[in-house]
Amino acid sequence: MGVAHYFAPWQHLRHSDQMNGLFRYFAPGLVALPLVTVLAGAEPANEAIGRATAAIQAAAPRAQSDPARPIFHVTAPAQWINDPNGPIYYKGFYHLFYQLHPFSDQSGPKYWGHVRSRDLAKWEPLPIALWPSSEAGEAEVWSGCCTINGQGEPMIFYTSIAPGKSAQTHAEQWAAIGDDDLITWRKSAANPMLSESLHGGKKIYDWRDPFIFRHQKRTFMVTGGNLNAAKGGQAVVNIYEAENAGLTQWKYRGVLFTLPDAAARTAECPNFFKLGDQWVLFVSPYGKVQYFLGDFDAKTCRFEARTRGLLDCGPNFYAPNTMQVPDGRRLVWGWVTGFPGGHGWNGCLSLPRELSLSREGQLRQAPAPQLSKLRGRRLEWKNIRLESGSETLVLPGTNALEIHADIDLKMAESVVLEFKSGASNARPVEVKYSGTELRVLDVAASLPLSGSVRKLTLRIFLDRSVLEVFANDTVCITKHISTLDASAILTIHAQGSTAIAKLVQAWPMKAIW
Ligand code: FRU
């Protein structure tokens with residue numbers, strides 16, 4: 001690969017005289033884009049990135065002036081994105097890559113976009129990281145992971161799709177090697193890293209989405225797939241073990257786990273990791289993302305699940321990917337789906353969530369604490385008696401908000417929070433707790449309150465057309481919504497008997513760029 005440089009926009013101003021004759025990229029607009037420069041005489045790889053970058057640049061003004069586009073969720077500068085890929089903390093930065101179709105705001109042949117952050121609050125867009133190497137017989141670069149191999153080299157593992165081949169029946173797992181900033185990547189000369197012949201006679205359909213984990217000084221990879229596409233399923237997670245420090249040789253260790261449901265057609269984007277004393281498996285089975293908690297036997301390479309649940313009960317959260325940070329915490333991001341096309345952008349990543357286990361061994365999810373850096377001036381209300389008549393709270397004058405509510409339900413049957421605005425087409429966002437159920441618009445999730453104190457803690461993030469609700473750090477609901485306008489009010493009332501809103505706080509949220 002030719003030499004590629006990248007500069008932040010402000011550096012561009014200082015360094016522009018050094019770039020004579022080089023391809024330049026700088027998009028003006030709400031989001032400051034980085035600059036990619038590629039030396040003349042570069043290989044097709046750089047041309048591919050250059051063409052894709054120019055397409056993003058052309059779409060950026062339209063995308064960035066759309067009032068529905070979120071401001072504190074990670075998006076591409078423009079065009080289509082899907083899965084978060086290769087989250088990694090490396091040399092002081094949180095890096096996130098994502099599936100990107102640079103040529104339209106609908107799905108199409110995938111590249112890898114890239115952003116990084118020092119603090120999980122402010123993010124910096126970076127040049128496209130991976131592109132399909134047409135000269136090497138590649139049409140798409142699908143989801144995967146990023147790791148540092150035993151020789152200290154940054155590596156991306158991903159699913160390579162060949163031109164004209166169906167991903168259901170043909171796929172290979174390839175690798176790219178990165179520079180020390182994880183900015184520029186070159187395809188490994190050893191590709192394919194894993195090909196179907198590893199499985200002997202066994203046919204694995206929809207074989208994709210490598211995820212690497214380490215355990216007892218061994219390096220493992222899991223991939224998703226299914227064993228019986230014709231008959232509609234048998235979704236499996238496959239496991240492999242590295243045979244050398246450079247991670248170029250792998251051995252198939254069999255099926256780590258077979259999804260128990262006949263209805264699960266496949267297992268996309270598996271993530272497998274240890275959390276506290278449990279092993280956690282995430283899979284995206286063309287439906288709501290499932291998690292399983294259980295035990296991993298490293299000798300036999302089998303996972304035994306004890307419990308299961310949904311990572312998010314909303315209709316718009318898919319293909320999550322996790323990162324372990326140096327202090328051991330595990331963060332997860334998902335792809336937020338469900339946006340209309342035709343606006344020059346489509347899709348974003350969820351907020352970073354921190355995972356933990358409750359004392360009873362249940363999976364808990366909370367918004368990463370660093371998100372508080374994005375908060376503006378707080379409004380606060382205390383000890384509001386909630387009766388059948390509504391209390392009205394006037395929110396900060398923006399449609400990018402975080403709301404925190406601590407509610408003691410006492411003997412009330414239900415509590416209803418409604419976000420309303422004057423925008424003619426904006427349907428109010430209703431959050432209702434009743435019985436043992438949390439309902440957000442048309443999405444219902446079971447949330448039994450334990451003990452005699454019926455306490456509900458809600459963290460609600462409204463980012464223009466994106467809604468994320470966290471209830472008691474257990475239930476999450478992500479949903480695409482009609483954008484509220486900037487003078488929204490929150491009404492709250494109780495039904496059946498009096499409840500107390502002990503504390504309600506609201507913050508205007510700043511943009512992450
Ligand atoms: C999940 C997924 C992955 C695949 C990628 C392609 O949304 O289908 O299985 O690698 O998207 O963009």
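In this convention, every chain numbers its residues from 1, walking through the sequence in written order. With the structure being a predicted model, the display of local features is reserved for residues of pLDDT at least 70 and the display and counting of side-chain atom pairs for 80 or more, all residues being used for whole-chain, interface and lining totals. Heavy atoms throughout the structure, all of them, feed into the side-chain values; hydrogens and water do not.

1. What to know about the side chain of Gln 99
And then number 1: A run of H or I in DSSP becomes a helix once it reaches four residues, and a run of E becomes a strand once it reaches two; helices and strands are each numbered from the N terminus. Checked against the element boundaries, Gln 99 lands in strand 4 (residues 93-101).
And then number 2: Residues adjacent in sequence count toward polar contacts only when both atoms are side-chain atoms; beyond that, a polar contact is any pair of N or O atoms within 3.5 Å, and within protein one must be able to donate a hydrogen and the other to accept it. Separated by 3.1 Å, the side chain of Gln 99 and the backbone oxygen of Val 141 make a polar contact.
And then number 3: Pairs of residues are marked as contacts when any of their non-hydrogen atoms sit within 4.5 Å. Those residues in contact with Gln 99, other than ones at most four positions away along the chain, are Trp 80, Ile 81, Asn 82, Asp 83, Asn 85, Lys 110, Tyr 111, Trp 112, Val 141, Trp 142 and Ser 143.

2. Structural notes on the pairing of strand 11 (residues 205-215)
And then number 1: Burial here depends on accessible area, computed with a 1.4 Å probe over protein chains only, as a share of the maximum for the residue type. Under 20% is buried, over 50% is exposed, and the range in between is partly exposed. With nine of 11 residues buried, strand 11 is to be regarded as a mostly interior element.
And then number 2: Where strand 11 and strand 12 (residues 218-228) come together, seven bridges link them in antiparallel fashion. Looking at the pairing, Arg 208 lines up with Gly 224 of strand 12.
And then number 3: For two strands to count as paired, DSSP must find a minimum of two bridges between them. Where strand 11 hands over to strand 12, the hairpin turn is made up of two residues, of which Gln 216 adopts a positive phi near 50°.

3. Observations concerning the environment of Arg 116
And then number 1: Following the sequence through the fold, Arg 116 ends up in strand 5 (residues 111-117).
And then number 2: With relative accessibility at 9%, the residue Arg 116 sits in the buried group.
And then number 3: Measuring from C-alpha to C-alpha, the distance between Arg 116 and Ala 511 comes to 15 Å, with 395 residues separating the pair along the chain.

4. Points about the sheet that holds strand 8 (residues 154-161)
And then number 1: The strand order across the open sheet built from four strands is 7-8-9-10, with neighbouring strands paired in antiparallel fashion. Here the strands that pair on one side only, and so sit at the sheet edges, are strand 7 (140-148) and strand 10 (185-187). Along the sheet, successive strands turn relative to each other by an average axial angle of 30°, direction set aside.
And then number 2: One ladder, built from six bridges, connects strand 8 with strand 9 (residues 172-178); its direction is antiparallel. Within the sheet, the bridge partner assigned to Thr 159 lies in strand 9 and is Gln 173. Only the stretch in contact is used when a helix axis is fitted, and all axes are lines through C-alpha atoms; the angle between N-to-C directions ranges over 0 to 180 degrees.

5. Quick look at the site of the ligand
And then number 1: Definition of nearness: a residue and a molecule or strand are near each other if at least one heavy atom of the residue lies within 4 Å of the molecule or strand. Every residue close to the ligand is listed here: Asn 82, Asp 83, Gln 99, Lys 110, Trp 142, Ser 143, Arg 208, Asp 209, Glu 268, Tyr 318 and Trp 335.
And then number 2: Within the backbone of Ser 143, a nitrogen or oxygen atom sits 3.1 Å from an oxygen atom of the ligand.
And then number 3: To be clear on the numbers: accessible area is Shrake-Rupley with a 1.4 Å probe, and residue cover counts the displayed protein chains and nothing else. Across the complex, the protein chains shield 91% of the 320 Å² of accessible surface that the ligand would expose by itself.
And then number 4: For the shell around the ligand, the secondary-structure elements that each account for two or more residues are strand 3 (79-90), strand 7 and strand 11.

6. Considerations on the packing of aromatic side chains
And then number 1: Stacked, tilted and edge-to-face pairs are distinguished by plane angle, under 30 degrees for stacked and over 60 for edge-to-face with tilted covering the rest, among Phe, Tyr and Trp rings (Trp via its six-membered ring) whose centres lie within 6.5 Å. By the definition in use, this model includes 25 aromatic pairs.
And then number 2: A ring pair is formed by Phe 257 and Phe 303, whose centres lie 5.3 Å apart and whose planes are at 70°; its orientation type is edge-to-face. Remark: Phe 303 occurs in strand 18 (residues 302-310) and Phe 257 occurs in strand 14 (residues 250-258); sequence separation between them is 46 residues. Across this residue pair, the class does not change: Phe 257 and Phe 303 are buried.
And then number 3: Through a chain of ring-to-ring contacts, three or more aromatic side chains come together here, namely Phe 213, Phe 220, Phe 257, Phe 272, Trp 279, Phe 292, Phe 296 and Phe 303.
And then number 4: Directly above the ring of Phe 93 sits Arg 116, whose terminal nitrogen or CZ lies 4.0 Å from the centroid.
And then number 5: Placement of a charge over a ring requires the Lys NZ or Arg CZ to be within 6 Å of the ring centre, with the centre-to-atom vector within 35 degrees of the ring normal. The ring of Phe 93 carries the charged tip of Arg 118 above its face, separated from the ring centre by 4.0 Å.

7. Here we look at the pattern of salt bridges
And then number 1: Within this document, salt bridges are pairs made up of a side-chain nitrogen of Lys or Arg and a carboxyl oxygen of Asp or Glu, the two lying within 4 Å of each other. Tallied over the entire structure, the rule returns 25 salt bridges.
And then number 2: A salt bridge links Lys 91 to Asp 180, with the nearest nitrogen and oxygen atoms 2.4 Å apart. Pair noted here: Lys 91 is in the loop between strand 3 and strand 4 and Asp 180 is in the loop between strand 9 and strand 10, with a separation of 89 residues, a long-range link.
And then number 3: Classification of Asp 180 by relative accessible area gives partly exposed; the value is 38%.
And then number 4: Salt-bridge contacts for Asp 327 lead to Arg 329; the nearest nitrogen and oxygen are separated by 2.9 Å.
And then number 5: Look at Arg 329 and you get partly exposed, because its relative accessible area is 22%.
And then number 6: Because the salt bridges share partners, they merge into one network encompassing Asp 206, Arg 208 and Glu 268.

8. Remarks on the nonpolar core
And then number 1: We call a set of buried Ala, Val, Leu, Ile, Met, Phe, Trp, Tyr and Cys residues a nonpolar core when their side-chain atoms join them within 4.5 Å. One finds Trp 123, Leu 130 and Trp 185 to be the most contacted residues of the largest nonpolar core, which totals 59 residues.
And then number 2: Among the elements that line this core, the one with the most residues is helix 2 (residues 44-64), at eight residues.
And then number 3: Formed by 45 residues, the second largest nonpolar core is a distinct cluster that contains Leu 458, Leu 467, Ile 481 and Ala 501.

9. Some thoughts on the state of the cysteines
And then number 1: Here, the term disulfide refers to a pair of cysteine sulfur atoms separated by no more than 2.5 Å. Tallying each qualifying case throughout the model produces zero disulfides.
And then number 2: Cys 269 forms no disulfide, and the closest cysteine sulfur to it belongs to Cys 145, at a distance of 11 Å.
And then number 3: Cys 269 gets classed as buried once you look at its relative accessible area, which sits at 7%.
And then number 4: With no disulfide of its own, Cys 301 lies 16 Å from the sulfur of Cys 145, the closest cysteine sulfur.
And then number 5: Looking at Cys 301, the relative accessible area reads 0%, which means it is buried.

10. Thoughts on the sheet that holds strand 15 (residues 268-275)
And then number 1: Reading across from one edge, 15-16-17-18 is the order of the four strands in this open sheet, with antiparallel pairing throughout. Edge positions in the sheet fall to strand 15 and strand 18, since each of these pairs with one other strand and no more. Direction aside, neighbouring strands of the sheet carry axes that sit 25° apart on average.
And then number 2: Inspection of the sheet shows strand 17 (residues 290-297) paired to strand 18 by eight bridges, in the antiparallel sense. Its bridge partner lying in strand 18, Asp 297 is registered against Arg 302.

11. A word on the pairing of strand 36 (residues 499-508)
And then number 1: Burial of strand 36 is extensive: eight of the 10 residues sit out of reach of the surface.
And then number 2: Pairing geometry for strand 25 (residues 379-386) and strand 36, over seven bridges, is antiparallel. Note that in strand 36 the partner of Leu 386 across the bridge is Ala 499.
And then number 3: Where strand 27 (residues 400-408) lies against strand 36, eight bridges are found, and the strand directions are antiparallel. Paired with Glu 402 across the bridge in strand 36 is Trp 507.

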